[in-house]
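# Notes for the structure review
Chain by chain, the residues:
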Amino acid sequence: MQPLAQNLPPLSANAALFLDFDGCLVEIAPRPDAVVVPPGLPQRLARLHERLGGAVALVSGRDIADLRSWLPDFPGAMAGSHGAELSLDGRLIETTHGVDLDVASLHRAAARAVADSPAILVERKPHGVALHYRADPSLRTVVEEVMQHLADAHPDMVLQPAKMAVELRPAGTGKDGALDRLMAIPPFAGRVPVYAGDDLTDEVAMAHAQARGGHGIKIGEGETVAHYRLSDPAALARWLDDTLAEVL
Ligand SMILES: O=P(O)(O)OC[C@H]1O[C@H](O[C@H]2O[C@H](CO)[C@@H](O)[C@H](O)[C@H]2O)[C@H](O)[C@@H](O)[C@@H]1O
C-alpha cells in the first residue's frame, strides 16, 4: 500500500520541480486540443519558478511548441516530445536525439493505415506520431497492431503506450534522459529532484528522481514506482499552493 496524499511532505526550498502536463497540470480531455488550463495555473508556475530559483521544468510528451501554446508565459525549462526536445528559459528548442527520421512519411503511413477508422485520431508530432482511440476504445487493438507494424518498419523508433493512445518516439529519448540532462545544469544541479506525473512515460523519470535522493508523485490511479500519490491535478495544485504558503 502506498502512502496517502496527506503523508506527502511539502516541497523544500532546495527542490528542483519537474511537472508533467496532461493528466498532471491539466485534466485529461477528449482530444489533445481540448484541454483546459485551470485558472491560476500560470501564476502558480511563475511563483514556484521564482521561489525555487528557476528550478522548475515542464516535461511532456507534447512537443514544445504545443506546450508553449497552452502556457505561453511559462518562464522555465521545457522538455518536450518525451525528452526529444529541450528549451531553456523560453529560448531555442534543441533536438536531443540523433535519429534520421522522415517524419512526414511516418505521418502519412500512420494516416493511411487507419483511414478506414475515422474515430482514430492521428496526432502528427515533430518527432513521431500518436494514434488516439479515446473516441472509440474498441479500436484499441487496431491502434496497437498498426503501431506495432510501424515500429517494425522504423527500427530507430520505440513504442510509447499512453492513455487511450499509442505513440512512436525516437529510440534513446525518454523523460528520464530529460531529467538527467536538466539536473546536470544550473539552476537544477545540486537540488533535490521532485517529479510529478500521471502516465507510463513518467515512471522512468520518477524512478530517476528517487534514485537521486528525491521523490516521485503519481497523479491518479495505477501501478507506480513513485513514493507518493495525489488523486488528480486539483490535488496537486492544492499541495503546490500549500507549499508556497507554508514553506517557500
Ligand atoms: O507527457 P504528457 O504531458 O502527459 O503528455 C502525454 C500525451 O498527452 C496527450 O495525450 C493525452 O492527453 C489528451 C488530452 O487530455 C487525451 O485526449 C489523450 O487521450 C491522452 O493520451 C498528447 O496528445 C500527447 O501528444 C502526449 O504525448
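Reading the values: rules and limits
Residues numbered from 1 in each chain as written. Predicted model: local features only at pLDDT ≥ 70, side-chain atom pairs only at ≥ 80, totals over all residues. Pairing = 2+ DSSP bridges. Helix = DSSP H or I, 4+ residues; strand = E, 2+ residues; numbered from the N terminus. Axes fitted to C-alpha atoms, helices over the stretch in contact; angles between N-to-C directions. Near = placed C-beta within 6 Å. Nonpolar A, V, L, I, M, F, W, Y, C, P; charged D, E, K, R; others polar. Domains from an automatic or database assignment. Core = buried A, V, L, I, M, F, W, Y, C linked by C-beta atoms within 7 Å. Buried ≥ 20, exposed ≤ 12 C-beta atoms within 10 Å, placed from the backbone. Contact = placed C-beta atoms within 7 Å. Right-handed = clockwise from strand over helix to strand, strands pointing away.

As a further point, take the sheet that holds strand S9 (residues 165-170). What the four strands build is an open sheet, ordered S6-S7-S9-S8; its pairing is antiparallel. Of all the strands in the sheet, just strand S6 (121-125) and strand S8 (157-162) have a single pairing partner and so form its edges. The sheet shows a mean angle of 20° between the axes of neighbouring strands, direction not considered. Relative to S9, strand S7 (residues 128-132) is paired through four bridges, and the arrangement is antiparallel. Directly across from His-132, in S9, lies its bridge partner Ala-165.

Contacts to the ligand come from 24 residues, most closely from Phe-21, Asp-22, Pro-32, Ser-60 and Gly-61. Those elements giving two or more residues to the shell around the ligand turn out to be S7 and S9. For the shell around the ligand, the residue count by class is ten nonpolar, five polar and nine charged. Split by domain, the residues of the shell around the ligand number at least three in each of domain 1 (5-96 + 173-246) and domain 2 (103-170).

In summary, soluble globular proteins display a tendency toward joint burial of nonpolar side chains. Core analysis: the biggest nonpolar cluster contains 45 residues, and Leu-17, Phe-18, Ala-57, Val-59 and Leu-179 have the highest contact counts within it. Looking at which element gives the most residues to this core, the answer is strand S1 (residues 15-19), with five residues. Residue contacts for Phe-18: discarding those within four places in its chain leaves Ala-57, Val-59, Leu-179, Pro-193, Val-194, Tyr-195, Ala-205 and Ala-209. In terms of nonpolar packing, the next biggest core, distinct from the first, is built from 15 residues, Ala-110, Val-129, Leu-131 and Val-166 among them.

Right, let's talk about the environment of Cys-24 for a bit. Following the sequence through the fold, Cys-24 ends up in the loop between S1 and helix H1 (41-51). By C-beta crowding, Cys-24 is classed as buried, having 26 other C-beta atoms within 10 Å. Note: C-alpha distance between Cys-24 and Ala-153 (129 residues apart in sequence) is 33 Å. Setting aside anything within four residues of it in sequence, one finds Cys-24 in contact with Leu-19, Ala-196, Gly-197, Asp-198, Ile-219, Pro-233 and Leu-236.

The next point concerns the domain arrangement of the protein chain. Domain assignment breaks the protein chain into domain 1 (5-96 + 173-246) and domain 2 (103-170). Centre-to-centre separation of domain 1 and domain 2, based on C-alpha positions: 25 Å. Contacts between the two partners involve 15 residues from domain 1, matched on the other side by 14 residues from domain 2. Of the residues contributing to the side of domain 1 that touches domain 2, the split by class is five nonpolar, six polar and four charged.

Attention shifts here to the pairing of strand S10 (residues 192-197). The buried count for S10 comes to five of six residues, which makes it a mostly enclosed element. Relative to S10, S1 runs parallel, the two sharing five bridges. In the strand pairing of S10, Leu-17 is matched with Val-194. In this structure, S10 lies alongside strand S11 (residues 215-219), joined through four bridges in parallel fashion. Considered in S11, the bridge of Val-194 is made with His-215. In this view, the connection linking S10 to its parallel neighbour S11 by way of helix H6 (residues 200-211) has right-handed handedness.

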